[in-house]
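# Observations on the model geometry
Below, each chain spelled out in residue letters.
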Amino acid sequence: MVSRSFLFLHVFIMFSLAVIAFSDLSDDFYEDVCPEALPTIKRVVEDAIQKERRMGASLIRLHFHDCFVNGCDASILLEQTATIVSEKTARANNNFARGFEVIDKIKSEVDKACGRPVVSCADILAVAARDSVVALRGPTWEVKLGRRDSTTASRTTANNDIPTPLMDLPALINNFKNQGLDEEDLVALSGGHTLGFAQCFTFRDRIYNETNNINSTFASQRQANCPRSGGDSNLASLDPTAALFDSKYFSNLVSKKGLLHSDQALFSGGETDDLVKTYSTNLGTFSKDFAESMIMMGTIKPLTGNQGQIRVNCRKVN
């Protein structure tokens, strides 16, 4: 009985802390201190995507990989130092995460517009992700703001907590559960793969060694640009329209044409099959759920109030 009461108290405290952190964020956080902040971010993001459509997916991925490592605190942006082991060198980010120079540009322009550093790098990541989705004809949402920036990073946590392309469905569900996200969040956020590309080494095993849950013609087509050895960085689109926010990612899964093992795991006879089917034929439902899940992900363990700092340079601690 004592242990049961203790467990209930622990769960209650964790839930209360999550609610408190969420309540410290607001969608009008910069309305008075710098009303030009959000329009400035939007302008720089749109310019970057106009120059390179792939950049939208890269900015979304930065926000995702940031939030899954000790919360949405811009730790992914910190460079290696004598005291910081950069998350940029983690398996999921090394030679893969990109868009850092766009974040630098946003930070410079926002600080200029505001007259001083008042907008955190963590908030810049969250807003840039939203603006990227919108620029690629996806849904919009009100981003909760007021995050502050971390003073440290963790490559070990990044290696452990960012989901890998080799995960099966139970592992994915557990990975998202550890972040306070449920199965609907898992499927909706995985739909972010309606945008962008993956490197050959992340899907080589799937197209050469999997047979039960992959379309053979699709596998052969991908093998043409992804040899059994070499060509590790060769790119393939995650869905047929890599620069357009649509539901073809899910249509691909239903047709057994998911590029990554972790993508196809969402439609493999498990409990997420029905939702994948729904999204494959209903862009409106997917868009709505994606926006809601992005809001949820953006509130994972934020630093607020006097925690952390507002970095002057997103790449290093003040």
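Residues numbered from 1 in each chain as written. Predicted model: local features only at pLDDT ≥ 70, side-chain atom pairs only at ≥ 80, totals over all residues. Heavy atoms only, no water.

## Considerations on the state of the cysteines
A full pass over the atoms with the stated rule returns four disulfides. Here cysteine 67 connects covalently by a disulfide to cysteine 72, the sulfurs 2.0 Å from one another. Because the torsion about its S-S bond is 120°, the bridge between cysteine 67 and cysteine 72 counts as right-handed. Per residue, the accessibility class of cysteine 67 equals that of cysteine 72, and both read buried. Note that cysteine 200 is cross-linked by a disulfide to cysteine 226, the S-S spacing being 1.8 Å. Between cysteine 200 and cysteine 226 the sulfur-sulfur dihedral comes to about 75°; the bridge is accordingly right-handed. With cysteine 200 in helix α9 (residues 200–209) and cysteine 226 in the loop between α10 (216–223) and β2 (235–237), the pair connects residues that are 26 residues apart, well separated along the chain. Neither cysteine 200 nor cysteine 226 differs from the other in exposure class; each is buried. (Disulfide = S-S within 2.5 Å. Buried < 20%, exposed > 50% of the residue type's maximum accessible area, 1.4 Å probe, protein only. Helix = DSSP H or I, 4+ residues; strand = E, 2+ residues; numbered from the N terminus.)

## Observations regarding the UniProt feature "binding site: heme b" (unreviewed entry) in the chain
Here the UniProt-annotated "binding site: heme b" (unreviewed entry) positions come out as His193. Tracing the chain through its elements places histidine 193 in the loop between α8 (183–190) and β1 (197–199). The partly exposed category is assigned to histidine 193, whose relative accessible area is 24%. (UniProt positions renumbered as here; feature names shortened; annotations may be inferred.)

## Focus on the packing of aromatic side chains
On inspection of all chains with the given rule, the structure shows 12 aromatic pairs. When the ring of phenylalanine 68 is compared with that of phenylalanine 176, the centres are 5.1 Å apart and the planes differ by 65°; the resulting orientation is edge-to-face. Remark: phenylalanine 176 occurs in helix α7 (residues 169–177) and phenylalanine 68 occurs in the loop between α3 (55–67) and α4 (100–114); sequence separation between them is 108 residues. Judged by its relative accessible area of 0%, phenylalanine 68 falls in the buried class. We classify phenylalanine 176 as buried; its relative accessible area is 2%. Ring plane angle 75° and centroid distance 4.9 Å describe the contact between phenylalanine 250 and phenylalanine 286, whose orientation is recorded as edge-to-face. Of this pair, phenylalanine 250 sits in helix α11 (residues 248–254) while phenylalanine 286 sits in helix α14 (residues 283–297), and the two are 36 residues apart along the sequence. These aromatic residues form a ring-pair network of at least three members: Trp141, Phe245, Tyr249, Phe250, Tyr279, Phe286 and Phe290. (Phe/Tyr/Trp six-rings, centres within 6.5 Å; stacked < 30°, edge-to-face > 60°.)

## Observations concerning a negative patch on the surface
A contiguous patch of negative charge, built from Asp27, Asp28, Glu31, Asp32 and Glu142, is present on the exposed surface. Within the secondary structure layout, aspartate 27 lies in the loop between α1 (2–23) and α2 (37–51). (Patch = residues over 30% accessible without salt bridge, like charges linked within 9 Å, V, L, I, M, F, W, Y side chains within 5 Å. Areas by Shrake-Rupley, 256 points an atom, 1.4 Å probe, with all protein chains shown as cover. Salt bridge = Lys/Arg side-chain N within 4 Å of Asp/Glu carboxyl O. Lys, Arg positive; Asp, Glu negative; His and termini not counted. Charge placed at Lys NZ, Arg CZ, Asp CG, Glu CD.)

## Here's the deal with the domain arrangement of the chain
On domain assignment, one finds that the chain holds domain 1 (36–162) and domain 2 (169–296). Centre-to-centre separation of domain 1 and domain 2, based on C-alpha positions: 23 Å. Contact residues are listed per partner, giving 23 residues for domain 1 and 18 residues for domain 2. The junction of domain 1 with domain 2 conceals about 1,800 Å² of combined surface from both sides, 70% of it contributed by carbon and sulfur atoms. Among the residues domain 1 hides against domain 2, the three largest losses belong to Arg54, Phe68 and Trp141. Together they make up 30% of the total. At the surface where domain 1 touches domain 2, the tally comes to five residue pairs in polar contact (both at pLDDT 80 or more). Element by element, the count of residues in the side of domain 1 that touches domain 2 is highest for α3, at six residues. (Domains from an automatic or database assignment. Contact = heavy atoms within 4.5 Å. Buried area = accessible area lost by both parts, 1.4 Å probe. Polar contact = N/O pair within 3.5 Å; in protein donor to acceptor, adjacent residues only side chain to side chain.)

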